[in-house]
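Architecture and fold: a report
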Amino acid sequence: MATGETGFDDVSFDLISVQYHSLKAGHDYGQYVRDAENAGRQDVADFFRRVMEEDSARAKQCHEFLKQLSGSDESGPALT
């Protein structure tokens, strides 16, 4: 496995990057949903909800790949 300038292998870095951006975007989409609802555009709000779900699934898939690469069985943040 090639190691990039970060000290992480390129695949891990790439997965971490996609996971981060998917989670960050998901956070922002909540505001987009509210904006669309406030504008009376339920169709647009529904679109943003679908995009949010897709990014959430993308982040989860990255997490699963990262667990496989690290050989870890840890599941991520604790649910409270």
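This one's a predicted model, so the numbers in the text were calculated from it and none came from an experiment.

Regarding its fold elements, the chain presents 2 helices and 0 strands. Of all 80 residues assigned to the chain, the portion counted as buried reaches 22%. Residue pairs at least 24 apart in sequence account for 45% of intrachain contacts in the chain once pairs closer than 6 positions are excluded. A total of about 6100 Å² of accessible surface is found on the chain, and carbon and sulfur atoms cover 55% of it.

Another point: the side chain of Asp-55. Counting through the fold element by element, Asp-55 comes out in helix H2 (residues 42-70). Beyond its immediate chain neighbours, meaning those up to four positions away, Asp-55 contacts Ser-22, Ala-25 and Tyr-29.

Time to look at helix H1 (residues 10-38). Look at H1: 42 Å from first C-alpha to last across 29 residues, which is about the 42 Å you get at 1.5 Å a residue. At Asp-28, H1 shows its largest kink, close to 25°. Among all positions in H1, only Ser-12, Leu-15, Gln-19, Ser-22, Ala-25, Gly-26, Tyr-29, Gly-30, Val-33 and Ala-36 are buried. Summarising the contacts, the buried residues of H1 are in contact with H2. Directly beyond the C-terminal end of H1, a positive phi value near 75° is found at Gly-40.

Here the focus is the environment of Ser-70. Along the chain, the position of Ser-70 falls in helix H2. Taking the C-alpha atoms as reference points, Ser-70 and Ser-12, 58 residues apart in sequence, are found 9.0 Å from one another.

It is worth spelling out the pattern of salt bridges at this point. The final tally for this structure, using the stated rule, is 6 salt bridges. Where Glu-37 meets Arg-49, a salt bridge forms, and the shortest distance between an N and an O atom there is 2.2 Å. A residue pair is termed long-range when its members are at least 10 positions apart, and Glu-37 in helix H1 and Arg-49 in helix H2 qualify at 12 residues. For Arg-49, a relative accessible area of 29% puts it in the partly exposed group. Of the charged contacts in the structure, one is a salt bridge between Lys-67 and Glu-64, with a shortest N-O distance of 3.4 Å. Linking Lys-67 with Glu-64, this pair stays in helix H2, spanning 3 residues, or about one helical turn. With a relative accessible area of 17%, Lys-67 lands in the buried category. According to the relative accessible area criterion, Glu-64 is partly exposed, its value standing at 29%. Each of Glu-37, Asp-46 and Arg-49 takes part in one network of salt bridges that share partners.

What counts as what
- Residue positions are given per chain, counted from 1 along the sequence in the order it is written.
- Note on the predicted model: pLDDT of at least 70 is required for a residue's local features to be given, and 80 or more for side-chain atom pairs to be given and counted; whole-chain, interface and lining totals, by contrast, use all residues.
- The side-chain quantities take in all heavy atoms of the structure and omit both hydrogens and water.
- Numbering of helices and strands starts at the N terminus; helices are DSSP runs of H or I of at least 4 residues and strands are runs of E of at least 2.
- Buried residues are those whose accessible area, probed at 1.4 Å on protein chains only, stays under 20% of the maximum for their type, while exposed residues exceed 50% and partly exposed ones sit between those limits.
- Here, two residues are considered to be in contact whenever any of their heavy atoms come within 4.5 Å of each other.
- Using a 1.4 Å probe, the Shrake-Rupley method yields the accessible areas, and only the shown protein chains count as cover for residues.
- Helix span, as expected, comes to 1.5 Å for every residue beyond the first.
- Working definition for bend: take the seven residues up to and ending at a residue and the seven starting at it, fit an axis to each, and measure the angle between the axes.
- Salt bridge, as used here, is a side-chain nitrogen of Lys or Arg placed within 4 Å of a carboxyl oxygen of Asp or Glu.

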